[in-house]
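Below are the chains, spelled out letter by letter.
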Amino acid sequence: MNRTLAVGAMLAIVLALVGGSAAPIRGAEPAEIVVGSILPLTGGLATTGQGLKLAQELARDLINGRQPYPLLMAGKDGLPNLGHAKLKIIFADSQGSPDQAKTVAEQLITQDHVVALLGTYASATTATASQVAERYGIPFVNPDSSSPTLHTRGFKTFFRTTPHDATFSENLFEFMSDVLKKQKKPPVHKLAIVYENTLFGTGAADAEEAIAKRDSYDVALRLPYGANSSELQSEVQKIKAAGADVIFQSSYLNDALLFMKTYKQQSVSPQAIIAQDAGFIDPNFVKNLGKDADYIFTRDVFSLNLKAKNKAVPAINELFKARSPGGNNLDGNTARDFTAVFVLADAIDRARSTKPEEIIKALAATNIKGSDTIMPWRGIKFDEHGQNTLGNGLVEQIQNGVYETVWPFDVATKAAIWPMPPWDKR
Amino acid sequence: MDLGPLPQLVVSGILTGLLFALISVGLTLIFGVMDVVNFAHGEFLMLAMYLTFGLALVGLNPIFALPFVALAAFVLGAIVYRLLIRRLLDGPPSTVVFGTFGLLVFLQGAAQYFFTSDYRSVPNPPFQGTLHLGNVALGEAQLIAGLGALVMTALVFAFVEFTEPGRALRALSEDRVAAQLMGIDVQRMNALAFGLGTACVGAAGALLMLTYPAFPRVGTEFALTAFVVVALGGFGSVQGALLGAILVGLVEVLGGFYISPALKLIPVYALYLVVVLLRPQGLLGRR
């Protein structure tokens, strides 16, 4: 009983302090605009979810504050068209479960009367939560789920700011032909597609194969393998026998490490290995492989090198780092969630209304320049499915242990090194 | 005649199998002497890998670290036997199953807590070259790990076959009661077997660090194979474990290449099922 009291008292004090700093006392308190955000705050995805919450809170505070940053809606002291009303985000925990995501979406809409929803990271939870929003006619802004199936459900309320997996795969092929043209290298014909055989790898491989066929490449090998193998000898022998010019690879960390070691052992040296992030952008990848990680190409969604495009990137990163308990930098996930809050605030402000149908209209009319965001995108503009059509990924190459952006060329920090040198000539 | 990739596959399969052998020998030794299936066997492998990694951080090559790691594993095994396994043996047989499984969960959790789930590889690992023998490419690290495992397995075999304590171990596994009547100290021999089994997996961990990263769940990936190897070769038989492991390595690599890598474990388990159906005691096991 005593403990409950003590905890209660502490909570009250904390609330008083937080409340006190967030809502300065004024003559006429401007109204609040309440939106809901569903994130995996506990469970297996909790580390990511907590980071996303911090990113959304940072965006909210920049929108509600007066400090100007070269970002759309930042430093305007709330939403100017709505009497400088403050944006308020109510966070709800999806626990990473589609059922729970559905339940909390319902609660946010019916009990908290939110005017819009944000979330939810995992594609599976976004699928269910956005279904509830569609039923109630509440706009749903999805910053960070990449399954290509999400925007093709004929929803009127669903808006996705991030590019999806098919776009990312398309980017990898664009990068390849761009780089070969620019460096006047002979065109590539033979491809091998290597992937772990669950949803992620299979989806990526399907997208890659479709593009390869359309662009008349020769897919010499399509190789699914079981994740978390204790050895990859037969896999690598098959790849070696196929003799492809370029390997497209989708692997989680464990397999990515073992593949690289086995490639080296068996002297497998294609012109390039092009990866779909995952294991290849994990901080452990370079840490474990050292210089053997060099020359790998991988897609990514964000890079701190983007300051060339928007000067705000380093400053925003510092703000985020200061709030992050682990002192983490902004990454592809947090940067996308940060950005989506601005997109939603901009739409509500242009709608000059908190009516969901007006906000949906405003979202549909969104037209934000890439340079007004911290993302590498050309901009944000939704098609009739609510998918952002101006989004793109980045291609990075590990050079001397550092992820250097090599594509698109206008944000590149280094030129791509193509082909990768054979293992015995490094 | 061009054999294509066949020689390469055979060599890779054998080298892979040799490492499986060293892990399995420890398991089979423990089972043979005290009838205990140690579910935490893979976790001892994981701990040995972390220890090797730690020694590498202070500049010790995994090959030179091997004796220390094996010794430390021996001591750890003997301690675990004294503190835990000995007590479990007093209960019904299922106590040991749950007890060692609990140890698995505990050790994985502890590793996750203390070492985090990050992957750790030996920095600037030695033996990174590749030898080319005709068409066959051999990673130096893979070769050394394989040969090291073969030597260690041979040493264990020699110990069990030709030394006095080894004879006592065999006596225990043949007839517990008779061995006790002959004056063999069961508790000491059990501790020796458990320590020796753990030392094997410790040595395997040191060798594995040449080619594989350490992380809290790493043991599970190898332990499952070791269980198949032990059942295939015959519970309690060192030679059986060696034979079984090489068979598993070969079938896995060849099956993966000629059927499909995604299905590479199917021929392994098919072989296992056939052997257990026709020879339930395993290839070299006694009834």
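A short tour of the structure in this document, coming up. Bear in mind that the values here come from a model prediction, so they are computed numbers and not experimental data.

Thresholds applied
Residues numbered from 1 in each chain as written. Chains lettered and ligands numbered in written order. Predicted model: local features only at pLDDT ≥ 70, side-chain atom pairs only at ≥ 80, totals over all residues. Heavy atoms only, no water. Core = buried A, V, L, I, M, F, W, Y, C linked by side-chain atoms within 4.5 Å. Buried < 20%, exposed > 50% of the residue type's maximum accessible area, 1.4 Å probe, protein only. Helix = DSSP H or I, 4+ residues; strand = E, 2+ residues; numbered from the N terminus. Contact = heavy atoms within 4.5 Å. Phe/Tyr/Trp six-rings, centres within 6.5 Å; stacked < 30°, edge-to-face > 60°. Lys NZ or Arg CZ within 6 Å of the ring centre and 35° of its normal. Expected span 1.5 Å × (residues − 1). Pairing = 2+ DSSP bridges. Right-handed = clockwise from strand over helix to strand, strands pointing away. Axes fitted to C-alpha atoms, helices over the stretch in contact; angles between N-to-C directions. Left-handed = near helix turned anticlockwise from the far one by under 90°. Nonpolar A, V, L, I, M, F, W, Y, C, P; charged D, E, K, R; others polar.

This part takes up the nonpolar core. Ranked by size, the top nonpolar core spans 112 residues in total, and within it A:Ile239, A:Met260, A:Tyr263 and A:Phe285 carry the most contacts. Among the elements that make up this core, the one with the highest residue count is helix 8 (residues 186-208) of chain B (14 residues). Ranked by size, the runner-up nonpolar core spans 58 residues in total, among them A:Ala74, A:Ala116, A:Leu330 and A:Met375.

Relative to the helices and strands, A:Thr128 is located in helix 4 (residues 123-136). Filtering out sequence-adjacent residues up to four positions away, A:Thr128 remains in contact with A:Pro98, A:Ala101 and A:Lys102.

Turning our eyes to something else, we now look at the packing of aromatic side chains. All names here are of chain A. Under the criterion given, the structure shown has 22 aromatic pairs over all chains. A centroid spacing of 6.0 Å and a plane angle of 20° characterise the contact between phenylalanine 140 and phenylalanine 158, whose relative ring orientation is stacked. With phenylalanine 140 in strand 4 (residues 140-142) and phenylalanine 158 in strand 5 (residues 158-160), the pair connects residues that are 18 residues apart, well separated along the chain. Here phenylalanine 140 falls in the buried class, since its relative accessible area comes to 0%. Among the aromatic side chains, those forming a connected cluster through ring pairs are Phe173, Tyr217 and Phe248. One residue, lysine 53, lies across the ring of phenylalanine 91, its end atom 5.3 Å from the ring centre.

To continue, consider helix 3 (residues 62-89) of chain B. Taking 1.5 Å per residue, 28 residues should reach 40 Å; helix 3 of chain B reaches only 35 Å between its end C-alpha atoms and comes up short. For helix 3 of chain B, the secondary structure elements touched by its buried residues are helix 1 (6-34), helix 2 (41-57), helix 4 (93-115), helix 5 (140-162) and helix 8 of chain B.

Here the focus is the pairing of strand 9 (residues 272-275) of chain A. The side chains of a regular strand alternate between both faces of the sheet. Residue and element names in this part refer to chain A. Burial along strand 9 is two-sided: the residues Ala272 and Ile274 and Ile273 and Ala275 are all buried. The pairing of strand 8 (residues 246-250) with strand 9 spans four bridges and is classified as parallel. Within the sheet, the bridge partner assigned to phenylalanine 248 lies in strand 9 and is isoleucine 274. With helix 8 (residues 253-265) bridging strand 8 and the parallel strand 9, this β-α-β connection has right-handed handedness. Sheet topology note: the strand 9/strand 10 (residues 297-300) ladder contains two bridges and is parallel. If you follow alanine 275 over to strand 10, its bridge partner there is threonine 298. Once the chain exits strand 9 it traverses helix 9 (residues 283-289) before rejoining the sheet at strand 10, and the crossover so formed is right-handed.

To continue, consider the packing of helix 2 (residues 46-64) of chain A against helix 11 (residues 332-351) of chain A. All names here are of chain A. The geometry of helix 2 relative to helix 11 is characterised by a closest axis approach of 8 Å and an angle of 40° between their N-to-C directions. Seen along the crossing, helix 2 lies across helix 11 with a hand that is right-handed. On the side of helix 2, the interface is formed by Thr48, Gly51, Leu52, Ala55, Gln56, Leu58, Ala59, Arg60, Leu62 and Ile63, while helix 11 contributes Asn333, Thr334, Asp337, Phe338, Val341, Phe342 and Ala345. Looking at the contact of helix 2 with helix 11 residue by residue, the class counts come to ten nonpolar, five polar and two charged.

What follows covers unusual backbone geometry. Excluding glycine, residues mostly carry a negative phi; peptide bonds, for their part, are mostly trans. All names here are of chain A. Residue threonine 120 is reached from glycine 119 by a cis peptide bond, and omega for that bond is 5°. As for its placement among the helices and strands, threonine 120 is situated in the loop between strand 3 (117-119) and helix 4. For the bond running from tryptophan 407 to proline 408, omega is -5°, close enough to zero to count as cis. Even without glycine at this site, glutamine 95 takes up a positive phi of about 55°. Note on glutamine 95: relative accessible area 44%, which makes it partly exposed. Phi is positive for arginine 352, which is not a glycine, with a value near 50°. Judged by relative accessible area, arginine 352 falls into the exposed class, the value being 56%.

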